[in-house]
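Given next are the chains, with one letter for each unit.
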Amino acid sequence: MRCKKCNTDAVINMRHHRLALCGTHYDEWVLAQTDRAIEKYKMFTHDERILVAVSGGKDSLSLWDALLRLGYQADGLYIGLGINDPEPYSDVSLEKTRAFVASDVWRVPTTESDVTSPGTRHTPLLHVVDIEQTYGKTIPQIAREKARGQGRPCAACGLTKRYVMNRIAHDKGYAVLATGHNLDDEVAVLFQNTMRWQTGYLARQAPVLPASREGLTRKVKPFVRFYERETATYALVRGIDYIYDECPHAVGNLTNFYKTLLNQLETESPGSKLAYYLEFLRARSEGLFEKFNPTTELHDCEVCGQPTTAPGRCAFCRMWDVSALVQ
Ligand code: SF4
Ligand SMILES: [Zn+2]
Ligand SMILES: [Zn+2]
C-alpha cells in the first residue's frame, strides 16, 4: 500500500476514508483533523488552559502530544488508582506517563504542520493524585469494602476519577478538561445507550459538555473522530511509549463485548462506526434528545463543596465516608 500523497510506503490504510498515508503525511493528517475537531465543536482556544486526563495509554498520551504540538497550553493529570494486582497496572501506567513528560518526544517536530516550534511550545506540568495517599485506600480496597467483595471496581473507580478530575481542574483554574476517548469508545457507549434507549445518557453524550455551573469544568474529547487503530498508529509514528495492557478489570466487560461486535460490523462495512456516531451527533444537534436533558438543580456538597444532585454529602464523600479527610 502506497501513500496517497507521496507514493512511499504507507503506515496506515483507512478504508473508511479511502486514504492510505506514510508516517509523515499521516502525522500531518492527525494534527489537522484534531485541530479541525477542536474548532468545529468549539472545544477551546489557545488562550485557555487545558487539563488532559492521562492514563499512560495511547489515546491520552497521543492527545497530550498533539495538543502541545498544536500550540495549546495543555497540562496532564494522572490519577493513581492503586490497581496493581495481578499485574502492576497502575505503577506501569504512571511510569509511562512520567517518561513521556521527561522525554523529548513531545518536543520533537516531525512535520511542517507543527504549528509551534519546540522552543516556544508550552512546557507541560504533570499533576499526580495518588488515591491511596490522599484518601487512605486504593480503588480495589474501597470497592471491596463498599460492594462487599462483589463485582468489578468500575463504579467506584469511575465515580472517584470523575470527582478528582473535576476537583483538580476547578481548583487549579483550568478552563477545560480533555479526555482521550476515541471513536471506538464513544460508539460502544452509544450502542450500549441505544440498546436500552437511555435517553438521559444520550442527551449528555457529546464531544463537548459545557460547564453547567460554577464548580464544574467544560469537558471535551478532541480525539472522538479517530478510530482506536488510528491513535495507536499516531503513537507509533511519534515514538510515544505507552502501556499496552488494559486495566485488568476491563477484560471481559460489556463495553469490550460491544467493541468486538462493532468491529465485526466495521470489517464488513468500513465506515459504519463513524457514520453511526456522526449521524447520532447530527440528530442530537437537531434537538432529538433535548427534552431528555435533565435540568436538575445542583447543590453544594456540605463537606467538599462540589456540585451534587441531592442536598447533603455528594456521592464521592458518601462512598469514601469523607467528613474530615484530607480534601
Ligand atoms: S476498567 Fe474499571 S477499574 Fe479499570 S480503570 Fe476502568 S473503570 Fe477503573
Ligand atoms: Zn506520504
Ligand atoms: Zn463531597
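Reading the values: rules and limits
- Residues numbered from 1 in each chain as written.
- Chains lettered and ligands numbered in written order.
- Predicted model: local features only at pLDDT ≥ 70, side-chain atom pairs only at ≥ 80, totals over all residues.
- Pairing = 2+ DSSP bridges.
- Helix = DSSP H or I, 4+ residues; strand = E, 2+ residues; numbered from the N terminus.
- Expected span 1.5 Å × (residues − 1).
- Buried ≥ 20, exposed ≤ 12 C-beta atoms within 10 Å, placed from the backbone.
- Arc of directions from axis to C-beta.
- Contact = placed C-beta atoms within 7 Å.
- Near = placed C-beta within 6 Å.
- Nonpolar A, V, L, I, M, F, W, Y, C, P; charged D, E, K, R; others polar.
- Right-handed = clockwise from strand over helix to strand, strands pointing away.
- Domains from an automatic or database assignment.

Draft legend 1. Structural detail: the sheet that holds strand S7 (residues 208-209). Spatially, S5-S4-S3-S6-S8-S7 is the arrangement adopted by the six strands of the open sheet, whose pairing is mixed. At either margin of the open sheet sits one strand with a lone partner, and together these are strand S5 (126-130) and S7. Bridge count between S7 and strand S8 (residues 218-220): two bridges; the pairing is antiparallel. Looking at S8, one finds that Val-208 is bridged to Val-220.

Draft legend 2. Representation of helix H3 (residues 89-102). Taking 1.5 Å per residue, 14 residues should reach 20 Å; H3 reaches 20 Å between its end C-alpha atoms and fits that length. Within H3, the full set of buried residues consists of Tyr-89, Ser-90, Ser-93, Leu-94, Lys-96, Thr-97 and Phe-100. Down the axis of H3, the buried set is contained in an arc of 160°. They therefore lie on one face. Residues of H3 that are buried in the fold lie against strand S3 (49-54), helix H2 (58-69), strand S4 (73-80) and S5.

Draft legend 3. Spatial organisation of the site of ligand 1. Lining the immediate surroundings of ligand 1 are Arg-152, Pro-153, Cys-154, Cys-157, Gly-158, Cys-247, His-249 and Ala-250. Class assignment of the residues belonging to the shell around ligand 1 gives a composition of five nonpolar, two polar and one charged.

Draft legend 4. The pairing of S4, seen in detail. Counting buried positions along S4 yields seven of eight residues, so the element is predominantly enclosed. When S3 meets S4, the two strands line up parallel, connected through six bridges. Opposite Ala-53, over in S4, you have Leu-77 as the bridge partner. For the segment spanning S3, H2 and S4, crossover handedness is right-handed. Both S4 and S5 contribute to a ladder of five bridges, which runs parallel.

Draft legend 5. A look at the domain arrangement of the chain. Parsing the chain into structural domains produces domain 1 (41-295) and domain 2 (296-327). For domain 1 and domain 2, the distance between their C-alpha centroids amounts to 24 Å. Domain 1 puts 15 residues into the contact, and the matching count from domain 2 is 10 residues. Mapped onto the side of domain 1 that touches domain 2, the elements with two or more residues apiece are helix H4 (131-135), helix H5 (139-146) and helix H6 (154-171). Ranked by the residues each element gives to the side of domain 1 that touches domain 2, the list is headed by H6, at six residues. Taken together, the residues that form the side of domain 1 that touches domain 2 break down as seven nonpolar, five polar and three charged.

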